[in-house]
Amino acid sequence: MSDTLALACAAAACLLALVHWARANSTRAWGDALASSSAQRKAWGLALLTLALQTTAATVAAGLAAGIGITLASWMVLGWGLVLAMNQWPQASLRWARRIGLAGWVGCALGLLVHALA
């Protein structure tokens, strides 16, 4: 897996955690929260797991400083874009953010697996 693809997957993975986080909290675009504290704990757990996965995958691909920078920047930039999209197209943004985030997650996991086997 090329480093550029690994970094793109690492950046995109945060969307999956952001979707779960948005669904567990009250948002104007998506309505009421899922109301259970277990949904909020799941969202926090997924966010922390995603943060660790992203940072590890990006660090393996580009080094420590770049890995941390790409992880933080992806949460800020893609999170901002998701908030903007939620206000205009709430259902479509939910579907596409989940799809892109899942693809990023799978790409990160495969990239780390390939690196471990090499």
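Computed from a predicted structure; not experimentally measured. (Residues numbered from 1 in each chain as written. Predicted model: local features only at pLDDT ≥ 70, side-chain atom pairs only at ≥ 80, totals over all residues. Heavy atoms only, no water.)

(A) Region of the structure containing the nonpolar core. Of all hydrophobic cores here, the largest spans 25 residues; its most connected members are Leu18, Trp75, Leu82, Trp105 and Cys108. Residue assignment for this core shows that the elements contributing at least two residues are helix H1 (3-12), helix H2 (14-24), helix H3 (37-62), helix H4 (64-88) and helix H5 (90-117). Ranked by residue count, the leading element in this core is H2, at seven residues. Among residues more than four places away in sequence, those in contact with Trp75 are Cys14, Ala17, Leu18, Trp21, Ala47, Thr50, Leu51, Gln54 and Trp80. (Core = buried A, V, L, I, M, F, W, Y, C linked by side-chain atoms within 4.5 Å. Buried < 20%, exposed > 50% of the residue type's maximum accessible area, 1.4 Å probe, protein only. Helix = DSSP H or I, 4+ residues; strand = E, 2+ residues; numbered from the N terminus. Contact = heavy atoms within 4.5 Å.)

(B) Spotlight on the packing of H1 against H2. For the pair H1 and H2, the least separation of the axes is 5 Å and the interaxial angle reads 5°. Taken together, the axes of H1 and H2 are roughly parallel relative to one another. Contacts between H1 and H2 pair Ala10, Ala11 and Ala12 from the former with Cys14, Leu15 and Leu16 from the latter. Classifying every residue of the contact of H1 with H2 by side-chain character gives six nonpolar, no polar and no charged. (Axes fitted to C-alpha atoms, helices over the stretch in contact; angles between N-to-C directions. Parallel < 35°, antiparallel > 145°, perpendicular 65-115°, else oblique. Nonpolar A, V, L, I, M, F, W, Y, C, P; charged D, E, K, R; others polar.)

(C) Main features of a nonpolar patch on the surface. On the surface, Leu102, Val106, Leu110, Leu113 and Leu117 cluster together to form a nonpolar patch covering roughly 490 Å² of accessible area. Its place among the elements puts Leu102 in helix H5. (Patch = residues over 30% accessible without salt bridge, like charges linked within 9 Å, V, L, I, M, F, W, Y side chains within 5 Å. Areas by Shrake-Rupley, 256 points an atom, 1.4 Å probe, with all protein chains shown as cover. Salt bridge = Lys/Arg side-chain N within 4 Å of Asp/Glu carboxyl O.)

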